[in-house]
Amino acid sequence: MEDFEQMLNESSGEIIEISTSLPDTEMPEWRSDLPGILPLMPLRGVVLFPGTVAPLTIERAPSKQLLEELLPTGRLLGLVTQKDSDLDDPGPSDVYRVGALGNVLRMVRQGDDQTLVLVQIVERIKLTKFLSKKPYLKARFEILENIFPKQNPMWEATLRNLRESAEKFIETNPAIPDEATNALRSIDSPSILTDFLATNLSLGLNQKQVLLEETNVAVRADEVQQVLNNQLHIAELQQKLRADVEDEFSDAQRRAYLREQLRAIQRELGEGDGTEEQTEELRDRLDAANIPEDVMEAATRELKRLDVIPPASPEHSVIVSYLENIAELPWGKLSKDNKNLKRAREILDRDHFGLEKVKQRLLEYLAVRKLNPEGRGPILCLLGPPGVGKTSLGLSIAEALGREFARISVGGIRDEAEIRGHRRTYIGSMPGRLIQELRRVGTRNPVIMLDEVDKIGADFRGDPASALLEVLDPRQNHKFVDRYLDVPFDLSQVIFIATANTIYPVPAPLRDRMEIIDIPGYTEEEKLEIATRYLVKRQMKENGITKKQCRWSRTALRRIIEDYTREAGVRNLEREIGSVCRSVAAKVAVRKSTEVRVTPEYVEKVLGAPKFARETMTRKSRPGVVNGLAYTPFGGEVLNIEALRYPGKGSIKLTGQIGDVMKESMHAAWSLVQHNAGDLGIDREDFDNYDVHVHVPAGAVPKDGPSAGCAMYTALASLFANRRVNKDIAMTGEINLRGSVLPIGGLKEKALGALQAGIKTILVPAENMKDVPDIPESAREKLTVLPMSEVDKVLEAALLKR
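Predicted, not measured: the structure shown is a model, and the values here were computed from it.

Student: I tried to follow the pairing of strand 23 (residues 761–765) on my own but got confused; where do I start?
Tutor: For a regular strand, side-chain orientation follows a simple rule: the groups alternate between the two sheet faces. Counting buried positions over the five residues of strand 23 gives five, a clear majority of the element. The pairing of strand 20 (residues 729–731) with strand 23 spans three bridges and is parallel. Within the sheet, the bridge partner assigned to Met731 lies in strand 23 and is Leu763. Pairing analysis gives five bridges linking strand 23 to strand 24 (residues 784–788), with the strands arranged parallel. Across the sheet, the residue bridging to Pro765 is Met788, located in strand 24.

In structure tokens, the structure reads:
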């Protein structure tokens, strides 16, 4: 409005006088100077009446050209309304024949795309003949003269009634400013009065066009009077109906009735802006969403606020977004579980090899759900090194259960609002990731994977791990409150599956809420089966080659596993297989070969020299050299422990990047050897006359843990007793100062590592014999596992006779 008034004040054009007080029968002087042909500017969705000054935004190229050619020589143009507002290039048949004669007062260019024009509307015109369409419409025209009735008491009463109705309508409508009453009282001309009311009343486009085409002022006055009477009548009728039915309707029925009446009034006035329809749509969506009663109460309060907040207010869009989130959440939608245990097992076996503990746990859950459908969802944590299939397992679990799947990567997040959501007091606030994913999947019982929970951060914005405590507690999460929603949502039917590479960074309270399932990593035999069943097929498909074009041998896959990868999972293995497949694809594409057989030699040709060398068993039995066994994230390894003595003062040196725990095991073994010197036939003076150097290759690889205690004791005892250690035996076990052999972890991986190094006999703590069934049957058949409870028994089994 300020821009319009400024343009009007700064107008450089000559304003044509349209008197509101002189008799309508007088002919203005400027009428004698009219051109014979008028350029025409089509208008979209607007009808202009004489006696008004209107700002118009010009965007179409023909209209801009019209102004450029008109203004240097004249200022009069025709303004006609389009029949179809969507047309960009209307022709003669697309515009009404009756329009308005406009006088351009001022033109302002606003950038390259828009031009603002201030136009004074001076007369009604009728187009008699179109002369051209390009570059813009031109036509001959004639002025439509107003037809006035004779002055008589009836006509005076009509005008007075029209004026009084208009003033009453202005008084009852708070949206119309008080200045409108003063403007209305200043108009004496009947034609200007009817055009003023037609301009300012909210009428439909067709209604306004009919009033523009009507030249009989008395008829126009009657039609405007009917519109005013109708609007006033509706308002009075609504008030009466409200009073009559107030006692008969319930509160909900009364609100619905009043909303309908309000919409009817606004339709009559043409004042609907779509807000009521939007509110009603939200209310219908909330009713259909099966929302709990307490949540519906909160949503209803927001709907009431929405009714009174203007659409232009920022709070309006915030409330709409909030209600849309509420309506779209799956409050009562549940996926039907697949309770066919056989089918679920087939899906899990199809997608993943091994992982028996995970599969068994999920089948147990399905069995419980079958017997108790109302049971809570489990909260599992898949713990294992990278690349063992933890994340992909989540998708298979969801498919096996017949549920939707959602993955939330929590690694690296530092803001606890990512979990609990942002309060709606902030601009751009939104629900937490959990609520967003539930809204996306559309069910209340999906499988949600919280990936990399061991990598959650924390800073001044809060601790996301602490926010997960409520989410992952089966006793609390049935009333989880997201800060954005501020109402409880039931998460008890969700199956949460967390993944982590190591459990130590996970806070103890969070760790306590999860059932940890260890995925230790694949053995070489398992990797071979995974490569044969899954990886080769997938890489051949991705590289566009068929089984006939590329044939893999198991020895080639084993070569890649042993010499080109060192990992617990299979990511690098798949990467190396992909490299070989791309080489085959290149040969097939240039037609050098129609079939390629992948052998160990072909693998070495493509991938180059082996990248890794495996520790092997000691080649010769000698004192002070023992085959230990170590567990790494990449599987089991043989750990050669070497001890050497030389003349000195009884000191001991440790090398090979040994960690603190391993150093302590070494000192315990050294003390125990000195204590048992008499039983071992060792001269105690040797401990004072010799220095000892213990080395654990490879020196560049860090090592730690207590499980090498047995091997270190054996190496030191054989060194000082000068007895050879059997090279065909490997051992593992922690020791204490009483000479007991204590249990260790990773027996399965250590046993397979020994077998791969060519060792057939292993010495293990007696308490670990319960873990022997975890060793694959094919490996157990080739291994001899001897239980040890005391270090004396270890020496009896490991040392060769003199």
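Student: Mind showing me how you'd approach the environment of Leu639 here?
Tutor: Relative to the helices and strands, Leu639 resides in strand 17 (residues 635–647). The class of Leu639 is buried, set by a relative accessible area of 12%. Once the C-alpha coordinates of Leu639 and Thr732 are considered, the two residues, 93 residues apart in sequence, prove to be 9.8 Å apart. Excluding residues that lie within four positions of it along the chain, Leu639 makes contacts with Val626, Asn627, Gly628, Leu629, Ala630, Met662, Val696, Pro697 and Lys703.

Student: Help me understand the nonpolar core, please; the structure alone is not making it clear to me.
Tutor: Counting residues in each nonpolar core, the largest one holds 55 residues, and the members touching the most others are Val358, Trp552, Ile560, Leu573, Ile577, Val584 and Val598. For Val358, the residues in contact, after removing those within four places along its chain, are Leu382, Leu393, Ile517 and Ile519. Ile319, Ile379, Leu438 and Val453 belong to the second-largest nonpolar core, a separate cluster that totals 54 residues.

Student: Help me understand the sheet that holds strand 13 (residues 515–518), please; the structure alone is not making it clear to me.
Tutor: What links the strands of a sheet is backbone hydrogen bonding, and the strands pair in either a parallel or an antiparallel sense. The sheet built from five strands is open, its strands ordered 8-9-12-7-13 with parallel pairing. At either margin of the open sheet sits one strand with a lone partner, and together these are strand 8 (405–409) and strand 13. When the angles between neighbouring strand axes are averaged without regard to direction, this sheet yields 20 degrees. In this structure, strand 7 (residues 379–383) lies alongside strand 12 (residues 495–500), joined through five bridges in parallel fashion. By the bridge assignment, Leu383 is partnered in strand 12 with Ala500.

Student: Before we go on, may I ask you to explain helix 29 (residues 791–798) in this structure?
Tutor: Structural remark: α-helix, 3.6 residues per turn; residues separated by three or four positions point the same way. Turning to helix 29, its buried residues are Val791, Val794, Leu795 and Ala798. Seen from one end, helix 29 has its buried residues packed into an arc of 95 degrees, which puts them on one side.

Student: Looking at this structure, I do not really get the packing of aromatic side chains. What am I missing?
Tutor: Note on aromatic pairs: each is described by the distance of the centres and the angle between the planes. In the structure shown here, the tally under the stated rule is five aromatic pairs. Between Trp331 and Phe489, the ring centres sit 4.9 Å apart and the planes meet at 55 degrees, which makes this aromatic pair tilted. Placement of Trp331 in the loop between helix 11 (314–328) and helix 12 (341–351) and of Phe489 in strand 11 (residues 488–489) is noted, with a sequence separation of 158 residues between them. Arranged with centres 5.0 Å apart and planes meeting at 45 degrees, the rings of Phe687 and Phe720 form a pair that is tilted. Taken together, the residues span a long stretch of sequence, with Phe687 in helix 25 (residues 685–689) and Phe720 in helix 26 (residues 709–721) at a distance of 33 residues. You can call Phe720 buried: its relative accessible area is 4%. By way of ring pairs, the aromatic residues Trp670, Phe687 and Phe720 are connected into one cluster. In this structure, Arg645 packs its charged tip against the face of Tyr690, placed 4.4 Å from the ring centre.

Scoring rules and cut-offs
Residues numbered from 1 in each chain as written. Predicted model: local features only at pLDDT ≥ 70, side-chain atom pairs only at ≥ 80, totals over all residues. Heavy atoms only, no water. Buried < 20%, exposed > 50% of the residue type's maximum accessible area, 1.4 Å probe, protein only. Helix = DSSP H or I, 4+ residues; strand = E, 2+ residues; numbered from the N terminus. Pairing = 2+ DSSP bridges. Contact = heavy atoms within 4.5 Å. Core = buried A, V, L, I, M, F, W, Y, C linked by side-chain atoms within 4.5 Å. Axes fitted to C-alpha atoms, helices over the stretch in contact; angles between N-to-C directions. Arc of directions from axis to C-beta. Phe/Tyr/Trp six-rings, centres within 6.5 Å; stacked < 30°, edge-to-face > 60°. Lys NZ or Arg CZ within 6 Å of the ring centre and 35° of its normal.

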